Amino acid sequence: EVQLVESGGGLVQPGRSLKLSCAASGFTFSNYYMAWVRQAPKKGLEWVATISTSGSRTYYPDSVKGRFTISRDNAKSSLYLQMNSLKSEDTATYYCARHVMDAWGQGASVTVSS
Amino acid sequence: EIVLTQSPTTMAASPGEKVTITCRASSSVSYMHWFQQKSGTSPKPWIYDTSKLASGVPDRFSGSGSGTSYSLTISSMEAEDAATYYCLQRSSYPYTFGAGTKLELK
């Protein structure tokens, strides 16, 4: 069974940093592009980042480019999202997903507030 | 950026009623993908590559479309279908979702 389990969410002040992790199991992690998708409270879904199988290629929307960094450790079957210079509008539930979005984690809640 | 416009934003359907949700893209996309989300839970893949049902999705659901116009159809509404549905395009970066259609049971 494919499982994606996010961790690392929490309350953080504006301008500070936070790193999310996603532990993958039930599939060969290194064979899949991976992604992060977020959902602000009571709002829709927004794609945040994608990373290639080796980690050599990454993709971001303009809303997070330069502030967020997606990375992976294939040996640990783990995906990460480093979030810097956080803003209140980054408050959301962050989901780890396989790139084709056929599997999602349960989400990690991030609140950016002073 | 490809903007996806879903309609309607909200709707209510009676049991047995046919339901159609549309998703229009600002530029042509190769495929459309759909997700179902119920309150407090993660989105579930529902229809992929425009018309293929994800595992476990009842066959009263179907997807169709091409180019800039796509739709999700429920042939006969059931109570368990009440949810929010999102479309997604992965044809070009940035990937974009529609704003969602909230489907309620009448």
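Our structure's up above, just so we're on the same page.
Residues numbered from 1 in each chain as written. Chains lettered and ligands numbered in written order. Predicted model: local features only at pLDDT ≥ 70, side-chain atom pairs only at ≥ 80, totals over all residues. Heavy atoms only, no water.

*Asks:* Is there a simple way to think about unusual backbone geometry in this case?
*Replies:* For residues other than glycine, phi is negative in most cases, and the peptide bonds are mostly trans. Residue and element names in this part refer to chain B. With an omega of -5°, the peptide bond running from S7 to P8 counts as cis. Locating P8 in the fold gives a position in the loop between β1 (4–7) and β2 (10–13). Note that the residue after Y93, namely P94, is joined by a cis bond; omega there is 0°. Residue position: P94 is located in the loop between β9 (83–89) and β10 (96–97). (Helix = DSSP H or I, 4+ residues; strand = E, 2+ residues; numbered from the N terminus.)

*Asks:* Sorry if this is basic, but what is going on with the state of the cysteines here?
*Replies:* Between two cysteines, a covalent bond joining their sulfur atoms is known as a disulfide. Under the criterion given, the structure shown has two disulfides over all chains. Here C22 of chain A is linked by a disulfide to C96 of chain A, with a sulfur-sulfur distance of 2.1 Å. Between C22 of chain A and C96 of chain A, the S-S dihedral sits near -70°, and the bridge is therefore left-handed. Here C22 of chain A is found in strand β3 (residues 18–25), whereas its partner C96 of chain A is found in strand β9 (residues 92–98), with 74 residues between them in sequence. C96 of chain A matches C22 of chain A in its accessibility class, with the two residues each being buried. At a sulfur-sulfur separation of 2.1 Å, the disulfide partner of C23 of chain B is C87 of chain B. Note on the C23 of chain B and C87 of chain B pair: the S-S dihedral is about 70°, so by sign convention the disulfide is right-handed. Of this pair, C23 of chain B sits in strand β3 (residues 19–25) while C87 of chain B sits in strand β9; the two residues are 64 residues apart in sequence, bridging distant segments of the chain. A relative accessible area of 0% places C87 of chain B in the buried class. (Disulfide = S-S within 2.5 Å. Buried < 20%, exposed > 50% of the residue type's maximum accessible area, 1.4 Å probe, protein only.)

Nothing here speaks to function; it is all geometry.
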